[in-house]
Amino acid sequence: MTFCLNPDCPQPQNSRNASICATCGSPLLVGDRYRPLRAIGTGGFGRTFLGVDEYKPSKPPCVIKQFNPREQGTQNRDRAADLFLQEANRLDELGSHPQIPHLLAHFQWNQHQYLIQEFINGSNLEEELEMSGCLSDDEIRQLLRDLLPVLQFVHDHKVIHRDVKPANLIRSQNGQLYLVDFGASKLATAANLALTGTRIGSAGYAAPEQAMGKGTFASDIYSLGVTCIHLLTGISPFDLYDSNDGKLRWQDYLDQGRRVDPHLIKVLDKMVETATGRRYRSPAAILSDLNHPRPRYRPEGAVPSVASVTTDSPGPSRPLFQEGDSGSALSKVESTPAYEARVRTSYFLWLVAFLLGSGFRPLKGLHRFYNGKIFTGFLWMIPVIGDIGGFVDLFLIPEMAQEREEEIRARMGVSSSGVPMMPHTSVTQVWTPASQDEQVMTLLKEAERKGGQLTVTQAVMATGLSFDKAERLLMELAKTGYVEVDNDVSTGAVVYRFRELSS
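Every residue gets a number counted from 1 within its own chain, in the order that chain's sequence is written. For this predicted model, a pLDDT threshold of at least 70 governs which residues receive local features, and a threshold of 80 or more governs which side-chain atom pairs are given and counted, while totals over whole chains, interfaces and linings are taken from all residues. For side-chain calculations, the full set of non-hydrogen atoms in the structure is used, while hydrogens and water are omitted.

This part is about the packing of aromatic side chains. Ring pairs shown here join Phe, Tyr and Trp side chains whose ring centres sit within 6.5 Å, with only the six-membered ring taken for Trp; geometry is labelled stacked below 30 degrees between planes, edge-to-face above 60, and tilted in between. Per the stated rule, a full pass over the model turns up six aromatic pairs. Ring centres 5.4 Å apart and planes at 10° place the aromatic pair Trp350 and Phe354 in the stacked group. Here the residue Trp350 and the residue Phe354 both occupy positions in helix α10 (residues 337–356), the gap between them amounting to four residues, near one helical turn. Whether a residue is buried, partly exposed or exposed follows from its accessible area with a 1.4 Å probe, protein chains only, as a fraction of its type maximum: under 20%, in between, or over 50%, in that order. We classify Phe354 as exposed; its relative accessible area is 52%. Three or more aromatic residues link up through ring pairs in this structure, and these residues are Tyr34, Phe107, Trp109 and Tyr114. A cation over an aromatic ring shows up here: Lys270 above the ring of Tyr280, its NZ or CZ 4.6 Å from the ring centre. Seen from the ring of Tyr370, Arg342 lies directly overhead, with NZ or CZ sitting 4.6 Å from the centre. Put simply, DSSP H or I for four residues or longer makes a helix, DSSP E for two residues or longer makes a strand, and each gets a number counted from the N terminus. To sit over a ring, a charge needs its Lys NZ or Arg CZ within 6 Å of the ring centre and within 35 degrees of the ring normal.

Structure follows, in structure tokens:
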């Protein structure tokens, strides 16, 4: 079947080899080359179709995107046309990545703009969730390892995707994940980042600052984190958001008895921090944190297991002595500048003790004092004991340095990945008013429940703000273009309609 792309055609279905629509007389081959077969999607910019390239003998499938915005008014259409052109430019620049669909053509034909893209034969992750259920810990880790390099590539080209969600992640038949739909993307220049934008991504997945028109690179990280949590729990992001503390309480929605890797929890929680300053700064930082969980801190005097060294993440133990090891009893640790500096300094102090310690015994314990081993530092001043112990320390310095670094981080209240650790006890809880980002998330959640629109009174009841502040917040959202002001047809009351939530 050939599909007529005239938006006003009452009967667009035609025979497979037709070149002219039998109903409206419009030409069917887009650009005299691409044959649309069926509709596969509709968005704010227009419609998307599955097609084939008639110029090639194999007639490979392709995606045909027709620019036909639903927005009314010249200004809105001009803005939408600019964004459609921007999408073409982004795809042309980013399509060199193997996990981003290639742009095949961009042209104007029959009074409409068209994008022709590579077709990815597969299903998106939203469809996979409906068919196969929630993803496991390992599947989420693999998803992040597959997508974070793609997102880093996009950010390296100064582009913010702004619409990362399960529906825009397609898994091909060979298992490869693709990031699609750059219709909401934004070129991140210093000037652009300083301005309030008018286009945001999908409600629920968009970061709070993005809902206010202030999207940054960290906004994509938030959206990817929410996407992972949705796939892990199967619960809509709106239902996971707790307006009392401005956080996603997703762990409360896990299936009973299911335990998620604590290290993965820390990573995901840091990805979806409402404040951008507490969120990961780059996809590369997440990937590093995900792939290199650091060993737990072990106080001096504790005896390690002969069989294994435990890490922050549960899993099979790693033998201390493996075939091919150089005889060291240390498990492999992530090398950081602080750790490497401590090791170098410790070896230097050990060398000082070796060369000068026989004449001045207090020098024998310098490297141990430096790494917090106070008792054994004094013990090493004793002849014979210190000489033997100092020789053994030549092989133990990396472990001492690692333990000291872990101890320092533990006292600072952060993990080795930089994620704040929960305190063991809490004496009191200080109430702090919700930030504007948290208030926006509360409004989005309430608007979804109310069918995509709110009155000022409903906003006051949802957020606890005064009438003036609630109205001011809704007007700020209206300035971004995400909310439009209207009157209720039955009551005449002023209502604020959320575009992405309205049916």
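Membership of the largest hydrophobic core comes to 73 residues, with the highest contact counts inside it found for Leu144, Leu224 and Trp250. By residue number, the principal contributor to this core is helix α3 (residues 137–156), which donates nine residues. Look past the residues within four positions of Trp250 in its chain and what remains in contact with it is Ile229, Leu232, Thr233, Leu240, Val260, Ile265, Leu268 and Asp269. By nonpolar core is meant a set of buried Ala, Val, Leu, Ile, Met, Phe, Trp, Tyr and Cys residues that side-chain atoms within 4.5 Å join together. Core analysis: the next-biggest nonpolar cluster, separate from the first, contains 11 residues, Leu5, Val30, Phe49 and Ile116 among them. Residue contacts are defined here by distance: any two heavy atoms, one from each residue, within 4.5 Å place the two residues in contact.

As a further point, take the sheet that holds strand β15 (residues 453–454). For two strands to be treated as a pair, DSSP must find no fewer than two bridges joining them. Taken together, the three strands give an open sheet; going across it, the order is β15-β17-β16, and neighbouring strands pair in antiparallel fashion. The sheet terminates laterally at β15 and β16 (483–487), the two strands that pair on one side only. Note: β16 against strand β17 (residues 494–498), five bridges, orientation antiparallel. Across the sheet, residue Asn487 finds its bridge partner in β17, namely Val494. Contacts between helix α16 (residues 467–479) and the sheet are confined to β16 and β17, with β17 contributing the most and set at about 45° to the helix. Think of each axis as a best-fit line through the C-alpha atoms, taken over the contacting stretch in the case of a helix, with angles from 0 to 180 degrees between the N-to-C directions.

Glancing now at the UniProt feature "binding site: ATP" (unreviewed entry) in the protein chain. When the UniProt feature table is mapped to this numbering, "binding site: ATP" (unreviewed entry) covers Lys65. Note on placement: Lys65 falls in strand β5 (residues 61–67). Discounting chain neighbours no more than four positions away, the residues touching Lys65 are Arg47, Thr48, Phe84, Glu87, Gln113, Tyr114, Leu115, Gln117 and Asp181. UniProt positions are given in the numbering used here, feature names are shortened, and annotations may be inferred rather than shown by experiment.

Read across the sheet, five strands follow the order β3-β4-β5-β7-β6 without closing on themselves; strand pairing throughout is antiparallel. Every other strand in the sheet has two partners, leaving β3 (34–42) and β6 (103–109) as the edge strands with one partner each. Across the sheet, the mean angle from the axis of one strand to that of its neighbour is 25°, orientation sign disregarded.

A few words on empty space enclosed by the protein. A 1.4 Å probe that fits into a set of points on a 1 Å grid over the protein atoms alone but cannot get out defines a cavity; an open set with protein on both sides within 12 Å along at least five of seven lines defines a pocket, and lining residues are those with an atom within 4 Å of a point. Grid points are joined across faces, edges and corners, and a volume is the space filled by probe spheres set on the points. The full count for this structure, using the stated rule, is two cavities of 30 Å³ or more. Looking at the largest cavity, its volume works out to about 50 Å³. Forming the boundary of the largest cavity are Leu147, Val150, Leu151, Val164, Leu169, Leu179 and Leu224. For the lining of the largest cavity, the element with the most residues is α3, which contributes three residues. Classifying every residue of the lining of the largest cavity gives seven nonpolar, no polar and no charged. Each residue is assigned to one of three groups, with Ala, Val, Leu, Ile, Met, Phe, Trp, Tyr, Cys and Pro labelled nonpolar, Asp, Glu, Lys and Arg labelled charged, and all others, Gly among them, labelled polar.

Turning our eyes to something else, we now look at the pairing of β6. The side chains of a regular strand alternate, first on one face of the sheet and then on the other. With six bridges connecting them, β6 and strand β7 (residues 112–118) associate as antiparallel partners. By the bridge assignment for β7, Gln108 is matched with Gln113.

It is at 10 Å that the axes of helix α8 (residues 262–271) and helix α9 (residues 283–291) come closest, and there the two elements cross at 165°. By the angle between their axes, α8 is roughly antiparallel relative to α9. Both α8 and α9 take part in a crossing whose hand is right-handed. Residues His263, Leu264, Val267 and Met271 of α8 touch α9, and the partners they reach there are Ile286, Asp289 and Leu290. Its residues placed into classes, the contact of α8 with α9 shows five nonpolar, one polar and one charged. We call two directions roughly parallel when the angle between them is under 35 degrees, roughly antiparallel when it is over 145, roughly perpendicular when it lies between 65 and 115, and oblique otherwise. By convention the crossing between two helices is left-handed if the near helix lies anticlockwise of the far one by an angle smaller than a right angle, and right-handed if it lies clockwise.

Another point: the pattern of salt bridges. A side-chain nitrogen of Lys or Arg and a carboxyl oxygen of Asp or Glu constitute a salt bridge if their distance falls within 4 Å. Counted under the stated rule, the structure contains 15 salt bridges. Close ionic contact of Glu128 with Arg171 constitutes a salt bridge, the shortest N to O distance being 2.9 Å. Placement of Glu128 in helix α2 (residues 125–132) and of Arg171 in strand β10 (residues 169–172) is noted, with a sequence separation of 43 residues between them. Given a relative accessible area of 17%, Glu128 falls into the buried group.

It is worth spelling out a nonpolar patch on the surface at this point. Nonpolar side chains collect at one region of the surface, where Val384, Ile388, Phe391, Val392, Phe395 and Leu396 lie side by side and expose about 600 Å² of accessible area between them. Along the chain, Leu396 turns up in helix α13 (residues 385–412). On the accessibility criterion, Leu396 (32% relative accessible area) is partly exposed. Any residue with relative accessible area above 30% and no salt bridge may belong to a patch, with like charges joined within 9 Å and the nonpolar Val, Leu, Ile, Met, Phe, Trp and Tyr side chains within 5 Å. Each accessible area is a Shrake-Rupley result for a 1.4 Å probe, and residues are judged covered by the shown protein chains and nothing else.

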